[in-house]
Amino acid sequence: MSASRLSDPVHFSSVGAMARAIARREVSAVELTEAHLTRLQQLRSLNALVQSNPEGSLEQARRADEQLAGGEPVGPLHGVPVTIKDSIETADFVTTGGTYGLRGRTPAEDATVVRRLRRAGAIVLGKTNTPELTLSFETANEIYGMTYNPYDLSRSPGGSSGGAAALIAAGGSPFDVGSDYGGSIRLPAHFCGIAGLKPTSGRVPRSGHVYPFGGVNDSFQQLGPMARNVEDLTLTLPLLAGPDHVDPAIVPLPLGDPADVGIDALRIGFFTSTETAPVEEPVQAAVRAAVRTLESAGATVEEIPTPWFEEAFDVGVGLFRADGGAAVERLLLSMGTTESDLLGTTNGGLTAHELDALVARWFAVRSNVARALETFDVIVSPPNARSAPKSGWALSPLTLPAFSYTILHNVTGWPSGVVRCGSDGAMPVGVQVTAKPAEEHVVLAALGHLEDELGGYLPPDL
């Protein structure tokens, strides 16, 4: 499917194609919004959209068409309908973050990323489902229930941005903002066959996210774009990025252009599996296909050892648990949530000496990965040990090692993205691409090449 022009049906078009078609008066914002609202009605079985306001969205679309007709200045997403993950605050939609204490709450103002999308002209159709406080690889909560994968309704779309990924894959929305604390953009992108990018730590403000910035592992969590194709990640990342003078970790990082990256000049390191979590063959096959494709374009490729990648998983899990659950308990009680599976599990956390030793290991792991990326421009790897499992599989503690492949790059803070490169029967299979800090353009260039050569997104038979 070409991302350069409107598709048939129109709700499977790219963000860029929609924006260009509106600007050229080939389609109106109202027509696009109506098409998506109709499609959303057809997708209720996914349980991916949890809040909407059709009349409000149509009114925004009418205003967008009037502005264009009146010759008013417009932004790069003018009239394009999008959705927003329910963990990100929106002033005109209830935002719960999946926790019962926030049910029915409408925030006083938009999160920074939402405000920036609206300033660019985007029309928000509604909110997409997320697990409580985004802290799960399965998208389910006590308010809205479980979200399902559009390629097989018995399977999981992943988490925590599973509602976003499922809806994008099914044509209900062309774009959403995900949050990624351990793989929550990249895992759903892999399970649902779309494209997603976790930016460099410090790139995109997290102001207005239900699990706020701050804490020992503050650098783990990033907000980033999710869409059906890489072109739209490239288009939208600059709109989300940059300091907002609220989130203190965000700095004005330079942002390169993927068009300036020569695939033939890239040095590629790759691995297909680890001892921590052996990878199933269809996922390994997709990684090998991606590596062959890059090598055929002239890139230099080399298989690399994984000891520090495996240690990163232990460090990451340790840091998640370092405070014994105190931060989660504090947040939930401040939100009015008194009953939750996340409550009642505080255990005192680590001692001062244990925490010091863990943080020392953390920086050693980051240093080792940095040394690997001195030798290589890109690391290609699996996003998970398998394709999308049956719903509920991710809730077992025994399955946690399967998610080590994404957790690694939250531990480092490096930019990392996923695009579809294969299949496991009817299920999509993605490949993960990671680059040096602030080199999202290298990630996007490699992802775009893989998308062009290996097919990228394919619509589900839903």
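Everything quoted here is computed from the prediction, not taken from an experiment.

### A look at the overall build of the protein
Thought 1: When its secondary structure is counted, the protein shows 13 helices and 13 strands.
Thought 2: Dimensions of the protein, computed from C-alpha atoms along their principal axes, come out at roughly 65 × 55 × 45 Å.
Thought 3: Sorting the 462 residues of the protein into buried and exposed places 60% on the buried side.
Thought 4: Long-range pairs, those at least 24 residues apart, make up 76% of the contacts in the protein between residues at least 6 apart in sequence.
Thought 5: On the protein, roughly 16,800 Å² of surface is accessible, and the fraction owed to carbon and sulfur atoms is 52%.
Thought 6: On the protein, the mean spot of the 34 positive side-chain charges and the mean spot of the 52 negative ones are 2 Å from each other.

### Some remarks on the sheet that holds strand β7 (residues 195–198)
Thought 1: The strand order β6-β8-β7-β12-β13-β11-β9-β10 describes an open sheet built from eight strands, whose pairing is mixed. Looking at strand neighbours, the two that pair on one side only are β6 (175–180) and β10 (300–303), the edges of this open sheet. Neighbour to neighbour, the strand axes of the sheet diverge by 25° on average, direction disregarded.
Thought 2: Pairing geometry for strand β9 (residues 267–270) and β10, over four bridges, is parallel. Bridge assignment links F270 to a residue of β10, and that residue is E303.

### Structural notes on helix α12 (residues 404–412)
Thought 1: Among the nine residues of α12, nine are classified as buried, and the element is accordingly described as predominantly covered.
Thought 2: Remark: G413 follows α12 within two positions and exhibits a positive phi of approximately 90°.

### Considerations on the packing of aromatic side chains
Thought 1: As enumerated under the stated definition, the model contains 12 aromatic pairs in all.
Thought 2: Centre to centre, the rings of F137 and F403 are 4.1 Å apart; their planes meet at 5°, and the pair counts as stacked. Of this pair, F137 sits in the loop between β3 (123–128) and β4 (140–141) while F403 sits in the loop between β11 (378–381) and α12; the two residues are 266 residues apart in sequence, bridging distant segments of the chain.
Thought 3: With relative accessibility at 13%, the residue F137 sits in the buried group.
Thought 4: F403 gets classed as buried once you look at its relative accessible area, which sits at 1%.

### Side note on the pairing of β6
Thought 1: Of all six residues in β6, six are buried; the element is thus mostly enclosed.
Thought 2: Across six bridges, the pairing between β6 and strand β8 (residues 222–227) is antiparallel. The partner of V177 across the bridge, within β8, is P225.

### Some words on the environment of R288
Thought 1: Inspection of the secondary structure assignment puts R288 in helix α8 (residues 281–296).
Thought 2: With 18 residues separating them along the chain, R288 and F270 place their C-alpha atoms 8.8 Å apart.
Thought 3: If we skip the residues at most four places from it in the chain, R288 touches T272 and E281.

### Brief notes about the sheet that holds strand β1 (residues 49–52)
Thought 1: Read from one edge to the other, the open sheet built from three strands follows the order β1-β3-β2, with strand pairing classed as mixed. What marks the edges here is a single partner per strand, and that holds for β1 and β2 (81–85). Neighbour to neighbour, the strand axes of the sheet diverge by 40° on average, direction disregarded.

### So, the environment of G215
Thought 1: Along the chain, G215 turns up in the loop between β7 and β8.
Thought 2: As for G215 and D323, which are separated by 108 residues in sequence, their C-alpha atoms are 9.5 Å apart.

### Describing the packing of helix α7 (residues 230–240) against helix α13 (residues 440–454)
Thought 1: Interaxial distance between α7 and α13 falls to 9 Å at its minimum, and their mutual angle equals 160°. Taken as axis vectors, α7 and α13 run roughly antiparallel relative to one another. Between α7 and α13 lies a crossing of left-handed hand. Taken together, the residues of α13 that come into contact with α7 (itself represented by V230, E231, L233, T234 and L237) are E440, L444, L447, G448 and E451.

### Looking at the side chain of K198
Thought 1: Within the secondary structure, K198 is located in strand β7.
Thought 2: Buried charge K198 goes without a salt bridge, the closest partner of opposite sign being D180 at 6.2 Å.
Thought 3: A polar atom in the side chain of K198 sits 2.7 Å from the backbone oxygen of W414.
Thought 4: Discounting residues that sit within four places of it in the chain, K198 has contacts with D180, I185, R186, Q222, H409, N410, G413, W414, P415 and S416.

### Quick word on the nonpolar core
Thought 1: If you look at the biggest cluster of nonpolar residues, it comprises 131 residues, and the most contacted ones within it are V113, V177 and V380.
Thought 2: At seven residues, the largest contribution of residues to this core is made by α13.
Thought 3: Once you skip the residues sitting within four places of it in the chain, V113 turns out to touch I88, V177, V204, P205, L223 and L240.

### So, the pattern of salt bridges
Any two side chains of opposite charge can pair if their charged atoms end up close together.
Thought 1: One pass over the full model with this rule turns up 18 salt bridges.
Thought 2: A salt bridge links E231 to R20; its shortest N-O distance comes to 3.7 Å. Placement of E231 in helix α7 and of R20 in helix α1 (residues 15–23) is noted, with a sequence separation of 211 residues between them.
Thought 3: Judged by its relative accessible area of 31%, E231 is partly exposed.
Thought 4: Exposure remark for R20: the relative accessible area of 30% places this residue in the partly exposed category.
Thought 5: Here the salt bridges share partners, and the residues they tie into one network are E55, E59, R62 and R63.

### Section: unusual backbone geometry
Thought 1: A cis amide bond, omega 10°, links D8 with the succeeding residue P9.
Thought 2: Within the secondary structure, P9 sits in the segment before α1.
Thought 3: A cis amide bond, omega 5°, links G159 with the succeeding residue S160.
Thought 4: Among the structural elements, S160 can be located in the loop between β5 (145–146) and α5 (162–169).
Thought 5: At R25, a position not held by glycine, the phi torsion is positive, near 65°.
Thought 6: Judged by relative accessible area, R25 falls into the exposed class, the value being 54%.
Thought 7: Its identity is not glycine, yet H245 carries a phi of approximately 65°, on the positive side.
Thought 8: With respect to the element layout, H245 can be found in the loop between α7 and β9.
Thought 9: Using a relative accessible area of 78% as the deciding quantity, one classes H245 as exposed.

Conventions and cut-offs
- Residues numbered from 1 in each chain as written.
- Predicted model: local features only at pLDDT ≥ 70, side-chain atom pairs only at ≥ 80, totals over all residues.
- Heavy atoms only, no water.
- Helix = DSSP H or I, 4+ residues; strand = E, 2+ residues; numbered from the N terminus.
- Buried < 20%, exposed > 50% of the residue type's maximum accessible area, 1.4 Å probe, protein only.
- Contact = heavy atoms within 4.5 Å.
- Areas by Shrake-Rupley, 256 points an atom, 1.4 Å probe, with all protein chains shown as cover.
- Lys, Arg positive; Asp, Glu negative; His and termini not counted.
- Charge placed at Lys NZ, Arg CZ, Asp CG, Glu CD.
- Pairing = 2+ DSSP bridges.
- Axes fitted to C-alpha atoms, helices over the stretch in contact; angles between N-to-C directions.
- Phe/Tyr/Trp six-rings, centres within 6.5 Å; stacked < 30°, edge-to-face > 60°.
- Parallel < 35°, antiparallel > 145°, perpendicular 65-115°, else oblique.
- Left-handed = near helix turned anticlockwise from the far one by under 90°.
- Salt bridge = Lys/Arg side-chain N within 4 Å of Asp/Glu carboxyl O.
- Polar contact = N/O pair within 3.5 Å; in protein donor to acceptor, adjacent residues only side chain to side chain.
- Core = buried A, V, L, I, M, F, W, Y, C linked by side-chain atoms within 4.5 Å.

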